[in-house]
Amino acid sequence: MADTELVDIVNENNEVIDTVFRKEMRQKHLPHRASYIAYCDRQNRFLVEVRTLTKDYAPGLLDACIGGVIDSGENFAKAARRELLEEVGVDSTKIDFYDLGFEKIPSGDLFLYGYLCFAKGDAITVRQESEVSGILYLKEEELLKLENCCVPDSLYAFKKILEKAREQGYYK
């Protein structure tokens, strides 16, 4: 099903220049939009996903952020909230949820645009078995020690989210 989803391809200015199937976007490494949510509990431990081995991108690695590719024409904030609910079963209306806007994220020699969000609360999680093998709760410094095991764009987004969340007083 994911191969037939339509994805907007963007230029350096985050402007849509084409729409293609997700499979083509992956095969050609085309710049697109994705959502990234750093979610922490009230003890300031971050939810870290262990990606399944069947993922089309970065199988088996740790994801510092919850999120995913934004579908063509999809509302960015709704996409982020959808991913949070789909991947770990957390309803964004029952926690503190902050939209932090777009950030250009390097991805190897290329880039993508990430819609960044910070979320905080205590919730029971239910992982999406097709995408998430397991869940860890780690303090910021513990996660950063595992950076070689993390999806690079997710770790980059995580650092940017924390920077913005600190600036806006959402995270200390």
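Residues numbered from 1 in each chain as written. Predicted model: local features only at pLDDT ≥ 70, side-chain atom pairs only at ≥ 80, totals over all residues. Heavy atoms only, no water.

**Some points on the layout of surface pockets**
- Size it by volume and the largest pocket reaches roughly 870 Å³.
- Lining the largest pocket are 40 residues; nearest its centre among them are Arg22, Arg26, Lys55, Asp56 and Val69.
- Those elements that place two or more of their residues in the lining of the largest pocket are helix 1 (22–28), strand 3 (33–40), strand 4 (45–51), strand 6 (66–69), helix 2 (76–88), strand 8 (110–120) and helix 4 (152–167).
- Grouping the amino acids of the lining of the largest pocket by side-chain chemistry returns 15 nonpolar, 10 polar and 15 charged. (1 Å grid on protein atoms, 1.4 Å probe; cavity = no way out; pocket = protein on both sides within 12 Å on 5 of 7 lines; lining within 4 Å. Points joined across faces, edges and corners; volume = space filled by probe spheres on them. Helix = DSSP H or I, 4+ residues; strand = E, 2+ residues; numbered from the N terminus. Nonpolar A, V, L, I, M, F, W, Y, C, P; charged D, E, K, R; others polar.)

**A few points about the nonpolar core**
- Ranked by size, the top nonpolar core spans 24 residues in total, and within it Tyr36, Phe46, Leu116, Phe118, Leu143, Phe158 and Ile161 carry the most contacts.
- No other element matches the six residues that helix 4 contributes to this core.
- In this structure Phe158 touches Ala38, Phe46, Ala64, Cys65, Glu140, Leu143 and Leu144, once residues within four positions along its chain are discounted. (Core = buried A, V, L, I, M, F, W, Y, C linked by side-chain atoms within 4.5 Å. Buried < 20%, exposed > 50% of the residue type's maximum accessible area, 1.4 Å probe, protein only. Contact = heavy atoms within 4.5 Å.)

**Observations concerning the packing of aromatic side chains**
- Throughout the structure, instances matching the rule amount to 10 aromatic pairs.
- Aromatic pair Phe102 and Tyr113: ring centres 6.5 Å apart, planes at 75°, arrangement edge-to-face. One end of the pair, Phe102, is in strand 7 (residues 96–107); the other, Tyr113, is in strand 8, with 11 residues separating them in the sequence.
- Residue class for Phe102 comes out partly exposed when judged on its relative accessible area of 24%.
- Counting every residue linked through ring pairs, the aromatic cluster contains Phe46, Tyr98, Phe118, Phe158, Tyr170 and Tyr171.
- Across from the ring centre of Phe111, 4.7 Å away, lies the NZ or CZ of Lys104, which sits over that ring. (Phe/Tyr/Trp six-rings, centres within 6.5 Å; stacked < 30°, edge-to-face > 60°. Lys NZ or Arg CZ within 6 Å of the ring centre and 35° of its normal.)

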